[in-house]
Amino acid sequence: MCREFAVDADAILNETVATGTGVPGVVAMVTDRNGNIYEGAAGKRRTDRPEAMTTDTNFAIFSTTKAITGTAALQLIEEGRLDLDAPAKRYAPDIGKLQVIDGFDADGRPKLRAPKRDVTTRMLLLHTGGFGYDFFNENYLRLATDHGQPSVITSSKAAIMTPLLFDPGSKWEYGTNIDWVGQVVEGITGKRLGDVFTDRIFKPLGMANTTFEINDTVRSRLAGVHARNADGSLTPMDFELPSNPEVHMGGHGLYSTVGDYMRFIRMWLNDGNGPHGRVLKAETVRMAEKNHLGDLKITALPGVIKSLSNDAEFFPGQSKSWSFTFMVNDEEAPTGRPAGALGWAGLANLFYWIDRQNGFGGYWATQILPFGDPASFTGYLRFETAFYDTLHRRKAA
């Protein structure tokens, strides 16, 4: 299977970088429960520099950070230190200061009121806490443009001290909820989130190249972020998250390699076990992977700031739920991913899936804005589809 799929995968990667409207460079991998069965790289790290994209390239992994933060929270639940249904302000007091925004008055000032209930960590893990992003929500965008609300890429505490968009628990909206989960983890452990990750997740998994704090070692192998222009061309950006962030942003702040992230995916494939120790109990993994949204469903992501995101949705027309802390596709996906599998994405067009039923997972990494880039997203879907086509042929043989 590996050789058969590798031929198709290599072709997809090369075709995705081959045209003027393709991607500058891409790294993609697939793993089974034991190790990587495919590793590929194509193109350049930056269009204005000669360095080739390689499998050990570093990426800003944006929201693929979220599942790692969720894992740290699950560990604290196992230990009885985190009550999912207690007010989150018990662990992160500042969240208790936030009010609900009910639009703006005639003078353009936000109309604020007390929430009807407390935000809980369960709500935060499920994105029902009331938080959004300015690039997906008009009210947050107005707070940013008219009232100086800082962007989350500042990695500042002020960036997450936003009003709630609705009463906690009443709907699903994707946003800074997992940044607040990071604050909960810090409040319980008394340590910075990166230190918690290193001790409790990265060391047991052998993830030596993942960090919140960019330095010259990371920069030496860093893929550059590119902006997709209206004519389809790409412009390299000198983008970096803060090297010494005020807040370790559990929702988006990590730098990593695809190889490191595959170690994290394998932990989920192996019922929480890692090569250097157990990260989660098997029963925790089985609990966490289920749909915890009930009858609520994930909605499409509207691109409010077009330079950061297009309108985007995985598998339009199909039902999607949320677990702790992944999207769950409730039906078999057009790629062949089975119902009940896990996955998500990162803003600069990074995508992954975790198929615990069949024992495989994959990750596709590019560094392009806005999210939902046609070339990268299409390439990723082709990559995943090629894998499942090969898997299904092997099963049928």
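Look up: the structure comes first, before these words.
Everything numeric in this text was worked out from a predicted model, so none of it was measured.

Our focus in this paragraph is the nonpolar core. Phe264, Trp268 and Phe383 are the most contacted members of the largest nonpolar core, which has 132 residues in total. When sequence neighbours within four positions are dropped, the list of residues in contact with phenylalanine 264 reads Ala67, Ile68, Thr71, Ile201, Leu205 and Met207.

Moving on: the pattern of salt bridges. Per the stated rule, a full pass over the model turns up 30 salt bridges. For glutamate 15, the salt bridge goes to arginine 382, with nearest N and O atoms at 2.7 Å. Pair noted here: glutamate 15 is in helix H1 (residues 2-18) and arginine 382 is in helix H11 (residues 374-396), with a separation of 367 residues, a long-range link. One salt bridge connects aspartate 102 with arginine 113, and the closest N-O pair in it is separated by 2.6 Å. With a gap of 11 residues between them, aspartate 102 in strand E4 (residues 100-104) and arginine 113 in strand E5 (residues 110-113) connect regions that are remote in the sequence. Look at aspartate 102 and you get partly exposed, because its relative accessible area is 38%. Its relative accessible area of 25% is what places arginine 113 among the partly exposed residues. Residues joined in a network through salt bridges with shared partners are Asp102, Arg113, Lys116 and Asp167.

This brings us to the environment of phenylalanine 371. Mapping phenylalanine 371 onto the fold places it in the loop between strand E16 (368-369) and H11. C-alpha of phenylalanine 371 to C-alpha of serine 309: the two residues are 62 residues apart in sequence and 4.3 Å apart in space. Those residues within four positions of phenylalanine 371 in sequence are excluded, and the remaining contacts are Leu301, Leu308, Ser309, Asn310, Ala312, Ala345, Gly346, Leu347, Asn349 and Phe351.

Rules behind the numbers
Residue positions are counted from 1 within each chain, in the order its sequence is given. This being a predicted model, a pLDDT of at least 70 is required before a residue's local features are given, and a value of 80 or more before pairs of side-chain atoms are given or counted; all residues contribute to the totals for chains, interfaces and linings. With hydrogens and water set aside, each side-chain value is computed from the structure's full complement of heavy atoms. Only buried residues count toward a nonpolar core, which is a set of Ala, Val, Leu, Ile, Met, Phe, Trp, Tyr and Cys residues joined through side-chain atoms within 4.5 Å. Buried residues are those whose accessible area, probed at 1.4 Å on protein chains only, stays under 20% of the maximum for their type, while exposed residues exceed 50% and partly exposed ones sit between those limits. Contacts: residue pairs with any heavy atoms within 4.5 Å of one another. Here a salt bridge means any side-chain nitrogen of Lys or Arg lying within 4 Å of a carboxyl oxygen belonging to Asp or Glu. Helix and strand definitions here come from DSSP, where helices need a minimum of 4 consecutive H or I residues and strands a minimum of 2 consecutive E residues; each element is numbered from the N-terminal end.

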